[in-house]
Amino acid sequence: MTAWEKSRARAAPWFLLPALALLAVFVVWPMVRAAAWSFTSADLLAPERAHWLGAANYSELLTDARFRRAFGNTALFALMVVPVQTVVAFFLALWVNRPEPAWRWLRAVFFIPVIVSTPVLAVLWTLLYQPAQGEQMGLINAMVQAIGVPPQAWLRDPHLALPAIAFMSVWQGVGLQMMVFLAGLQAVPGELLEAARIDGAGAWGRVRHVIIPSVRNTIVFVVTVTTVLAFRIFVQPYLMTRGGPGRSTLSLIQSIYETTFLGQDLGRACAASFLFLIWVAFLTLLQRWIAGEERG
Amino acid sequence: MRQGAARMWWRCAQFPLLALALVFVLTGASSRAARTLRIWGHQGQEGENHAMREIVVAFNRAHAAEGVSVEISFFPDFQYTEKIAIAAAAHDLPDAFEVDAPLIARYVDAGLLAPLDRWFGPADQTDFLPTLTEQAKIAGKLYSVAAYDSALVLYYDRAMLAAAGVAPPPADGWTWEEFLAACAKVRAAGVEPVALHMNESADEWFTYAFTPVVWSGGGKLIADDGLRVRGVLASAANIRSLTLWQTLFTRGFAATDPVDPNPFGHGKAAMDWSGHWMAQLHLEAKGAQLGAAPLPHVGAQPVAPCGSWCWSMSAHTKDPELAATWLRWVTSTQHGIVPLVRANGAVPARKSAFGEFPKYQRPPYALFRRQLETFARPRPQTPFYATLTQHFAAALRDIARGADVGGRLRMAENEIQKEIDRRSAHGSREAAR
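Residues numbered from 1 in each chain as written. Chains lettered and ligands numbered in written order. Predicted model: local features only at pLDDT ≥ 70, side-chain atom pairs only at ≥ 80, totals over all residues. Heavy atoms only, no water.

Undergrad: Teacher, can you tell me more about the packing of helix 10 (residues 236-250) of chain B against helix 16 (residues 405-425) of chain B here?
TA: Residues and elements named next belong to chain B. The N-to-C vectors of helix 10 and helix 16 enclose an angle of 120°; their axes lie 9 Å apart at closest approach. The angle between helix 10 and helix 16 places the two elements in the oblique class. Two packed elements cross with a definite hand, and for helix 10 against helix 16 that hand is right-handed. On the side of helix 10, the interface is formed by Asn238, Ile239, Leu242, Thr243 and Gln246, while helix 16 contributes Val405, Gly406, Leu409 and Arg410. Within the contact of helix 10 with helix 16, the residues separate by chemical class into four nonpolar, four polar and one charged. (Axes fitted to C-alpha atoms, helices over the stretch in contact; angles between N-to-C directions. Helix = DSSP H or I, 4+ residues; strand = E, 2+ residues; numbered from the N terminus. Parallel < 35°, antiparallel > 145°, perpendicular 65-115°, else oblique. Left-handed = near helix turned anticlockwise from the far one by under 90°. Contact = heavy atoms within 4.5 Å. Nonpolar A, V, L, I, M, F, W, Y, C, P; charged D, E, K, R; others polar.)

So, in structure tokens, the structure goes:
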């Protein structure tokens, strides 16, 4: 090692120090604090008044009907949203993947819901879903009525509320995933498509045997990100139904939020947050593992 | 070489050092000269905020000679409780702050508030509206004071009722049977009978506005110890009362998802289940046609809700005397009540202040005062109020939309009781009451 290299190696920790210090203060320490609180009965208003509970917060959460329902709702929401949003985004991307300027406009149209603030959209869709008869009837009921389906109380029916919110979320989020797929599609080699066409592959054959294998990494990325985002659902059900009717649209984040700020039960909220963190990390690793395995 | 480095060091360091020295001098000087009180208020309407800022300015002017001043920060309503919670957790509460009346019990339980009896003796306490002292007293000690209180009534349009052949309600309000009969006649005349503001996003509207229905039927939300809802919330009396309430929706007398925030003022509804905050607007819209009666009651007697923003002192303030000086100022008739009540139209907190408001001789204002002095009741005092109101409001929303009253109340009862039991068992509340 030359003298210069040696001095560089000596200097390295000093350059790392600011970043490490910030990470320690703003990421590591709060996580350690939260982990410690999750094993206690800490009260948000008086955290020092905490008793050691061991794993009681965790075991109670795992058997708590409300938390389980919140988890079930969120998982169901993800199951509805992730496949639909991924497939629709993929085909939208295929559709608008053309160089002519007119298609660029179409891309912008699909992307607009992504940039509009979610609370605004939540209010808009609440009006669209309005069940009332006559002049106050929402557009969606007017539309289903036009095709011969009786109007529904979309956000008030325990069986319809979650699918209704999922539908709205797909509509809102699909533009972003479409953009990611578009970027992926740019990387599909033109020669391969050309060769497939010459070999007699039809449109579906080209999608199946050329495009999908080429954008595999993009698909993994989109599915992972959509899953994580789906599990973080909060604003739409909170504003549109407050988690109701009953508990039919209660999301995990809403339940954690309510435990923190309404129940002011810091210990339990920390435990719930850790369960959430562990679950999302597990899902992400699982998806990477499945994707990696298939690739190999 | 050494010398050069030293000179270099000094050249780089002299400005920061000088600045540091200046900061020491300045802070040292200012901490000797002045005492500053940190206070927090909720962000109401602009007029109300403006009045509050003016009150602070007047306080600072009056106390400038003593080197004392107040510094106020406002936070929006919907974040206010969270803000207090986070500040409490971080031991960073201001010296004095506004609290929403039903949360006083919880804050006292968590040890956040200082008792105020030393500064507000019997003379003050009898001058405040009885609802305010009742709400603010826990284990015999006073924990908050206020500049105003709230009132909720049934407004009606005399002409619209007359057109439907309905006589106006008597001075003590209708019973529920009479009320439903009146609604049926109004509905038959083709007018929406009553606006209940079911699109209100805050849970608290539901608990505030409709708990009187439960009370008037002889029921309660929670036992007096504030720790038991089992057998109380889903009692036969409450099921009966709230089934009557549900009738308003099942028979189409009130909208479950209204779009118009003020259908009464716009001439679309004949009655309005609403608060003091609408009085001025309704008077302007209706003039002599405006009537106001106590809320319909299930039993023989009317019941009204009450409670609004109050002022409390932090248990950890370094300067309780100064904090108390501020609390006295903002709840005094001249400095606090008159400007605030002029700005937000709420009901003055002190009986002695009504003289400043001649309109309290006339309806609907006279009714506000009468019910606060006779049949209004504060919401239940319990450290679990937030849980209680959340689940009760959710139950009301579902009941309005057709849920089975008994089943839905039992579900809420179970959820609330489970929460109370769990937290009591964990001992997070020690030596609370």
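Undergrad: What should I look at first to understand the interface of chain A and chain B in this one?
TA: Every contact between the two is made by 31 residues of chain A and, on the other side, 36 residues of chain B. Across the chain A to chain B interface the summed buried area is about 2,900 Å²; carbon plus sulfur atoms make up 46%. The largest contributions to the chain A side of the interface with chain B come from Leu45, Arg49 and Arg156 of chain A, which together make up 24% of the buried area. Scanning the region where chain A abuts chain B turns up eight salt bridges. Linking Asp43 of chain A and Arg106 of chain B is a salt bridge whose minimum nitrogen-to-oxygen distance equals 2.6 Å. Across the chain A-chain B interface, the total number found is 13 residue pairs in polar contact (both at pLDDT 80 or more). Those elements that place two or more of their residues in the side of chain A that touches chain B are helix 2 (56-63), helix 3 (65-96) and helix 12 (252-262) of chain A. Looking at the side of chain A that touches chain B, its residues break down into eleven nonpolar, eight polar and twelve charged. (Buried area = accessible area lost by both parts, 1.4 Å probe. Salt bridge = Lys/Arg side-chain N within 4 Å of Asp/Glu carboxyl O. Polar contact = N/O pair within 3.5 Å; in protein donor to acceptor, adjacent residues only side chain to side chain.)

Undergrad: Looking at this model, I keep getting lost on the pattern of salt bridges. Mind explaining?
TA: Two side chains of opposite charge can pair, provided their charged atoms sit close to one another. Evaluation of the coordinates by the stated rule reveals 26 salt bridges over all chains. Among the salt bridges present, the one from Asp92 of chain B reaches Arg38 of chain B, with a minimum N-O distance of 3.4 Å. Of this pair, Asp92 of chain B sits in the loop between helix 3 (77-89) and strand 3 (96-100) while Arg38 of chain B is found in strand 1 (residues 35-43), placing the two residues 54 residues apart along the sequence. The exposure class of Asp92 of chain B is partly exposed, given its relative accessible area of 39%. Salt bridges linked by common partners bring Glu60, Asp64, Asp265 and Arg268 of chain A together with Lys418, Glu419, Arg422 and Arg423 of chain B together as one network. (Buried < 20%, exposed > 50% of the residue type's maximum accessible area, 1.4 Å probe, protein only.)

Undergrad: Where do I start with the sheet that holds strand 2 (residues 68-76) of chain B in this structure?
TA: Two strands in a sheet stick together by hydrogen bonds in their backbones, pointing the same way (parallel) or opposite ways (antiparallel). Residue and element names in this part refer to chain B. Pairing is mixed in the open sheet, where four strands are placed in the order 2-1-3-12. In this open sheet, the two edge strands, each paired with only one partner strand, are strand 2 and strand 12 (309-313). On average, each strand axis in the sheet is tilted by 25° relative to the strand beside it, whichever way the strands run. Relative to strand 3, strand 1 runs parallel, the two being bridged by two bridges. Among the inter-strand pairings, Trp40 is bridged to a residue of strand 3, identified as Phe97. Against the sheet, helix 2 (residues 46-62) touches strand 1, strand 2 and strand 12, its axis set at about 165° to strand 2. Set on the sheet, helix 12 (residues 320-330) makes contact with strand 1, strand 2, strand 3 and strand 12; between it and strand 12 the angle comes to about 160°. (Pairing = 2+ DSSP bridges.)

On their own, these measurements won't tell you what the molecule is for.
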